[in-house]
Amino acid sequence: MRHRVMKDPIASDKHSSKKKRYTEHIEQTHRQGKLRNATIDSDCVQFSFCFLGTVVLEWCCNPGSLIARYSRRIPHTKAVRLGLHNIDLADAVQVAKLRRMGSQYLVSNGALRVFVSIPCTCWCKMQSLNVHQHGKAFEDRLQRERQHSQHMMRLFLSTYRQWKRESPTKVSGAFEWPQNFGWDSDKNSDITGLLKTLPYNALFDGCAFGLKYKGRYLKKPWRIATDHVRLAAALDGQLCRGDHSHAGTIGKAAKASESYPPRLAQCITDAFLEAL
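Bear in mind that the values here come from a model prediction, so they are computed numbers and not experimental data. (Residues numbered from 1 in each chain as written. Predicted model: local features only at pLDDT ≥ 70, side-chain atom pairs only at ≥ 80, totals over all residues. Heavy atoms only, no water.)

J.: How would you explain the sheet that holds strand β5 (residues 200-205) if you had to name every residue and give the values?
T.: Judged by pairing direction, the sheet is mixed, and its six strands sit side by side in the order β2-β1-β3-β4-β8-β5 without closing on themselves. Edge positions in the sheet fall to β2 (77-82) and β5, since each has one partner strand and no second. The average undirected angle you get between the axes of adjacent strands in this sheet is 20°. Strand direction decides the pairing type here: strand β1 (residues 54-59) and strand β3 (residues 111-116), joined by six bridges, are parallel. Looking at β3, one finds that W59 is bridged to V116. Against the sheet, helix α4 (residues 92-107) makes contact with β1, β2, β3 and β4 (171-178), and its axis sits at roughly 145° relative to β3, the strand it touches most. Along the sheet face, helix α6 (residues 136-166) touches β1, β3 and β4 and points at about 160° away from the line of β4. (Pairing = 2+ DSSP bridges. Helix = DSSP H or I, 4+ residues; strand = E, 2+ residues; numbered from the N terminus. Axes fitted to C-alpha atoms, helices over the stretch in contact; angles between N-to-C directions. Contact = heavy atoms within 4.5 Å.)

J.: A description of the pattern of salt bridges should follow, citing residues and the corresponding values.
T.: According to the stated counting rule, one finds seven salt bridges in the structure shown. Here R81 ties to E58 by a salt bridge, and the two come within 2.5 Å at their closest N and O atoms. Here R81 is found in strand β2, whereas its partner E58 is found in strand β1, with 23 residues between them in sequence. The exposure class of R81 is buried, given its relative accessible area of 6%. Classification of E58 by relative accessible area gives buried; the value is 2%. With its nearest N and O atoms 2.9 Å apart, the salt bridge here joins D190 to R154. With D190 in helix α7 (residues 190-197) and R154 in helix α6, the pair connects residues that are 36 residues apart, well separated along the chain. Judged by its relative accessible area of 12%, D190 is buried. Accessibility expressed as a relative area gives 42% for R154, which makes it partly exposed. (Salt bridge = Lys/Arg side-chain N within 4 Å of Asp/Glu carboxyl O. Buried < 20%, exposed > 50% of the residue type's maximum accessible area, 1.4 Å probe, protein only.)

J.: Go over the packing of α4 against α6, please, and point to the residues and values.
T.: For the pair α4 and α6, interaxial distance at closest approach is 10 Å and the crossing angle is 15°. Judged by the angle between their axes, α4 and α6 are roughly parallel. For the pair α4 and α6, the crossing hand works out as right-handed. Together, A92, V95, L98, R99, G102, S103 and L106 of α4 and L155, S158, T159, Q162, W163 and E166 of α6 make up the contact between the two elements. Class assignment of the residues belonging to the contact of α4 with α6 gives a composition of six nonpolar, five polar and two charged. (Parallel < 35°, antiparallel > 145°, perpendicular 65-115°, else oblique. Left-handed = near helix turned anticlockwise from the far one by under 90°. Nonpolar A, V, L, I, M, F, W, Y, C, P; charged D, E, K, R; others polar.)

J.: Tell me what's going on with the sheet that holds strand β6 (residues 212-213), and back it up with residues and numbers.
T.: Taken together, three strands build an open sheet; the order of strands is β6-β7-β9 and the sheet is mixed. Here the strands that pair on one side only, and so sit at the sheet edges, are β6 and β9 (246-247). Bridging between strand β7 (residues 216-218) and β9 involves two bridges; their strand directions are parallel. Paired with Y217 across the two strands is H246, which belongs to β9.

J.: I'd like to hear about the nonpolar core, residue by residue, with values.
T.: Grouped together as the largest cluster of nonpolar side chains are 40 residues, with contacts concentrated most on W59, L89, F156, W163, F175, W177 and L194. The element that contributes the greatest number of residues to this core is α6, accounting for nine residues. What L194 contacts, discounting residues up to four positions off in sequence, is M153, F156, L157, R161, F175 and W183. In this structure, L211, L218, A253 and Y260 belong to the second largest nonpolar core, which totals 29 residues. (Core = buried A, V, L, I, M, F, W, Y, C linked by side-chain atoms within 4.5 Å.)

J.: Please provide a residue-by-residue account of the state of the cysteines, values included.
T.: Put plainly, two cysteines are in a disulfide when a covalent bond ties their sulfur atoms together. All told, the structure shown has zero disulfides when counted by the stated rule. Looking at the unpaired C60, the closest cysteine sulfur is the one in C61, lying at 7.5 Å. Residue classification places C60 among the buried residues on the basis of a relative accessible area of 3%. The closest cysteine sulfur to the non-disulfide-bonded C240 is located on C207, 3.7 Å from its own sulfur. (Disulfide = S-S within 2.5 Å.)

Given below as C-alpha cells:
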C-alpha cells in the first residue's frame, strides 16, 4: 500500500507502473509478515482524528479502493487508509496505539466507520489445487499465510470490540471478502467470532454494480458482514440479472476488482455513513 493518507491514490497516472509494482510487493510482504519493525505514522493518522465529525477508516483495503475518496465528499467526514504506508496492521503494538487514538477520538464525541478487507488470497478454494500440485513446501507456506491472516483478523476484532463497547452508537464496522474466500468456520475458526460481532450479512454480485475488466462484466460474488443494518439492506440481494456474459475473475481481472466499481463504492459510502 503505497500512498499517503490524505492524497487521492488515483489522481495521477505518473509513474503508475512503478507504483503498481511497489504496491504488489508491499502487499505480498504484508501477508508474509516481514515488516514487523515498521512504526505507525502517527502524524498522518492523528491528523484525521483532529476534528469533530465522522472518520472512515479503511482497514487494509486495496490502495485503489474508492471508499475513502467517496467518503471525503460528504460534509463533516474524513477518511484515512490504514496500511503499510502508515501502520503495520499485523503488529500488536502498533494496533494498540491506533486503538488508543480511536478511543480518545470517541471520547471527544467523534464517530467511527471501519471498513475492513484483510488480504484473503490464502483462503481461495483454488489453493487446494495448488497444494496438490506443489506439495508440502507450498502447503506449509499457505498455512503460515492463513495464520497471519487470522492474526490480523484478531487484532481488528479486539480493537473494534473495544471501540464498540465504549461508544456503541457512534461506531460501525463492515468486513468484506469474496463469498468463497475464508468464510468456512471449519477452516477459519475466527469467522465465528467475526460473525457474532458483525451479525448482518450482505451477499451481492459485482456485475450488479457495473464491475468490469477490459469491457467485460465480472460476476465476482462478494460478502460483507456488518453491524450496520442500512448497509446490509443496501447491498444484500443485488445479484446478476442474467442478461450478460462474464469474464473470469482471475489473475489481473481479480486484482483490478479489489478497487471496487464506482457504483458499489458510492452505495457503500452512502449507506455506511447514515446514522445507526
